[in-house]
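Single-letter residue listing:
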Amino acid sequence: MPNTPEAMQDVAEEFEAMYGFPQLLGCIDGTLVKIQTPTQDEHIFVDRKGNHSINCQIICDSHMRILDVVARWPGSVHDGGIFEVSQMKHRFDNHVFGDYKLLGDSGYRLSRYLLTIYRPAITASQQIYNQLHKSTRCVVERCVGLLKGRWRCLHSTGGNLIYTPGKVCRMFLACSILHNICFMTEDGGLEDIDEDLIIIDDVDEQVNNALPAGVAHDLRNNFLNAHPAFHPAFYNL
């Protein structure tokens with residue numbers, strides 16, 4: 001993650017320039033990596049699809065560069081649960097990143113710094129917010145698709161990884177580092193990738209049943225009201 005005010009501002013400005021969503025530091029999502037049936041604690045690795053897997057958390061920027069990875073949890077652990085006990089949440093709780101935000105799907109709990117969509121979106125501003133949220137958050141799905149398309153061992157079409165869960169976690173971290181190294185070339189290393197291999201995971205949103213505190217809703221409303229990008233008048237509607 002960017003660790004200086006200047007770097008944070010650069011990331012946020014790039015997000016706003018590309019997608020129109022302000023004050024944004026990254027998009028967050030989880031992705032499942034299939035593994036062979038473990039010999040120990042087999043049941044905790046069974047994910048929502050009935051496969052054995054590792055659930056890996058990714059945060060990326062507007063250019064699909066990976067800013068943060070958590071690869072240590074079995075497939076039965078939900079995306080929101082991984083974030084709740086992550087070092088990244090601790091850093092946001094302690095205002096390390098100021099007023100900057102993350103975007104996540106409904107598998108995450110709405111908070112001061114992690115924004116989810118309105119359900120339902122009643123006002124025109126809420127509908128615009130949802131549209132910008134969904135189109136912006138798509139970048140992390142594309143990032144995961146690019147990562148797995150480039151390193152096919154991580155994708156389900158490559159079969160189950162025949163290694164221990166710990167080694168699979170280390171492989172995911174290594175592939176994430178290599179993913180970012182590819183972006184050091186002028187065109188991001190995409191010249192080596194068949195476009196058909198950039199696969200976007202088709203994962204249903206998980207609805208978190210734990211209702212956020214009312215203050216989180218109020219903070220999201222304040223954020224929406226403070227930014228012209230979410231107001232119909234900004235688009236002459």
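Along each chain, numbering runs from 1 in the same order as the chain's sequence is written. Predicted model: local features are reported for residues with pLDDT of at least 70 only, side-chain atom pairs are reported and counted for 80 or more only, and whole-chain, interface and lining totals are derived from all residues. Excluded from the side-chain calculations are hydrogens and water; all other atoms, namely the structure's heavy atoms, are used.

Novice: So what exactly am I meant to see when it comes to the sheet that holds strand β4 (residues 101–103) here?
Specialist: Working definition: the strands of a sheet are paired by backbone hydrogen bonds and lie parallel or antiparallel to each other. One bridge is not enough; two strands pair if DSSP finds at least two bridges between them. Only runs of H or I of at least four residues qualify as helices and only runs of E of at least two qualify as strands under DSSP, and these elements are numbered from the N terminus. Strand order in the open sheet made by the 5 strands is β3-β2-β1-β4-β5, with mixed pairing throughout. What marks the edges here is a single partner per strand, and that holds for β3 (66–74) and β5 (114–115). Any two residues whose heavy atoms approach within 4.5 Å at even a single point are treated as in contact. To obtain an axis, a line is fitted to C-alpha atoms, over the contacting stretch when the element is a helix, and the angle between two such axes runs from 0 to 180 degrees between their N-to-C directions. Sheet contacts for helix α5 (residues 165–182): β1 (24–34), β2 (53–60) and β3; angle to β3, the most-contacted strand, approximately 170°.

Novice: Teacher, can you tell me more about the environment of arginine 72 here?
Specialist: With respect to the element layout, arginine 72 can be found in strand β3. Burial classes follow relative accessibility: with a 1.4 Å probe on protein chains only, a residue under 20% of its type's maximum area counts as buried, one over 50% as exposed, and anything between as partly exposed. When its relative accessible area of 58% is taken as the criterion, arginine 72 is described as exposed.

Novice: Would you mind going over a negative patch on the surface with me for this structure?
Specialist: On the surface, Glu6, Asp10, Glu13 and Glu16 cluster together to form a negatively charged patch. Within the secondary structure layout, glutamate 16 lies in helix α1 (residues 5–19). Nonpolar side chains (Val, Leu, Ile, Met, Phe, Trp, Tyr) are joined into patches within 5 Å and like charges within 9 Å, using only residues with over 30% relative accessible area and no salt bridge. Exposure was quantified through the Shrake-Rupley algorithm and a 1.4 Å probe, taking into account, for residues, occlusion by the shown protein chains and nothing else. We define a salt bridge as a side-chain nitrogen of Lys or Arg found within 4 Å of a carboxyl oxygen belonging to Asp or Glu. The sign given to each residue is positive for Lys and Arg and negative for Asp and Glu; His and the chain ends receive no count. In plain terms, the charge of a residue is placed at NZ if it is Lys, CZ if Arg, CG if Asp and CD if Glu.

Novice: Can you help me understand unusual backbone geometry in this one?
Specialist: Across the chain, the bulk of peptide bonds are trans and the bulk of non-glycine residues have phi less than zero. Here the residue pair arginine 119 and proline 120 is connected by a cis peptide bond, since its omega of -5° sits within 30 degrees of zero. If you trace the backbone, proline 120 turns up in the loop between β5 and α4 (124–150). Here the phi dihedral of aspartate 41 falls at roughly 50°; this positive angle occurs in a residue that is not glycine. Among the structural elements, aspartate 41 can be located in the loop between β1 and β2. Even without glycine at this site, histidine 95 takes up a positive phi of about 60°. Position of histidine 95 relative to the elements: it lies in the loop between α3 (87–93) and β4.

Novice: Is there a simple way to think about a nonpolar patch on the surface in this case?
Specialist: A surface patch of nonpolar side chains, about 420 Å² in accessible area, is lined by Ile177, Leu178, Ile181 and Met184. Following the sequence through the fold, leucine 178 ends up in helix α5.

Novice: Any chance you could explain α1 here in plain terms?
Specialist: The periodicity of an α-helix, 3.6 residues per turn, causes residues three or four positions apart to be oriented the same way. With 15 residues, α1 should cover 21 Å at 1.5 Å per step; its first-to-last C-alpha distance of 21 Å lies within 8% of that length. Those residues of α1 not exposed but buried are Met8, Val11, Ala12, Phe15 and Tyr19. Within α1, the buried residues cover an arc of 95° as seen down the axis, which keeps them to one side. Of the exposed residues in α1, those oriented more than 90 degrees away from the buried face are Glu6 and Ala17. Directly after α1, the chain includes glycine 20, whose backbone phi takes a positive value near 85°. Take the number of residues in a helix, subtract one, and multiply by 1.5 Å to get its expected span. The arc refers to the directions leading from the helix axis to the C-beta atoms.

Novice: Looking at this model, I keep getting lost on the confidence of the model for the protein chain. Mind explaining?
Specialist: Should the pLDDT be low somewhere, the predicted coordinates at that spot are not to be read in detail. Across the protein chain, the average pLDDT comes to 88, with 88% of residues at 70 or higher. When mean pLDDT is taken per element in the protein chain, β4 scores highest with 98 and helix α6 (residues 214–226) scores lowest with 92. A score between 0 and 100, pLDDT records how confident the predictor is in each residue. pLDDT under 50 marks residues 197–212. Its contacts with residues more than four places away, or in other chains, come to 37 contacts.

Novice: I tried to follow the packing of aromatic side chains on my own but got confused; where do I start?
Specialist: Aromatic rings considered in pairs are described by the distance between their centres and by the relative angle of their planes. When two rings of Phe, Tyr or Trp (its six-membered ring) have centres within 6.5 Å they constitute a pair, described as stacked for plane angles under 30 degrees, edge-to-face for angles over 60, and tilted for the intermediate range. For the structure shown, the criterion picks out 11 aromatic pairs. Plain terms: the ring middles of phenylalanine 15 and tyrosine 19 are 6.3 Å apart, the flat faces sit at 40° to each other, and that makes the pair tilted. Of this pair, phenylalanine 15 and tyrosine 19 are both found in helix α1, 4 residues apart, which corresponds to roughly one turn of the helix.

Novice: Looking at this model, I keep getting lost on the nonpolar core. Mind explaining?
Specialist: Across soluble globular proteins, you tend to see nonpolar side chains buried next to one another. Here, nonpolar core refers to any group of buried Ala, Val, Leu, Ile, Met, Phe, Trp, Tyr and Cys residues whose side-chain atoms link them within 4.5 Å. Residues Met1, Phe21, Leu25, Ile58, Phe83, Phe92 and Phe172 are the most contacted members of the largest nonpolar core, which totals 57 residues. With 9 residues, the single largest contributor to this core is α4. With near-sequence residues (within four places) excluded, isoleucine 58 lies in contact with Cys27, Ile28, Asp29, Ile66, Asp68, Val69, Val140, Cys143, Val144, Leu147 and Phe172.

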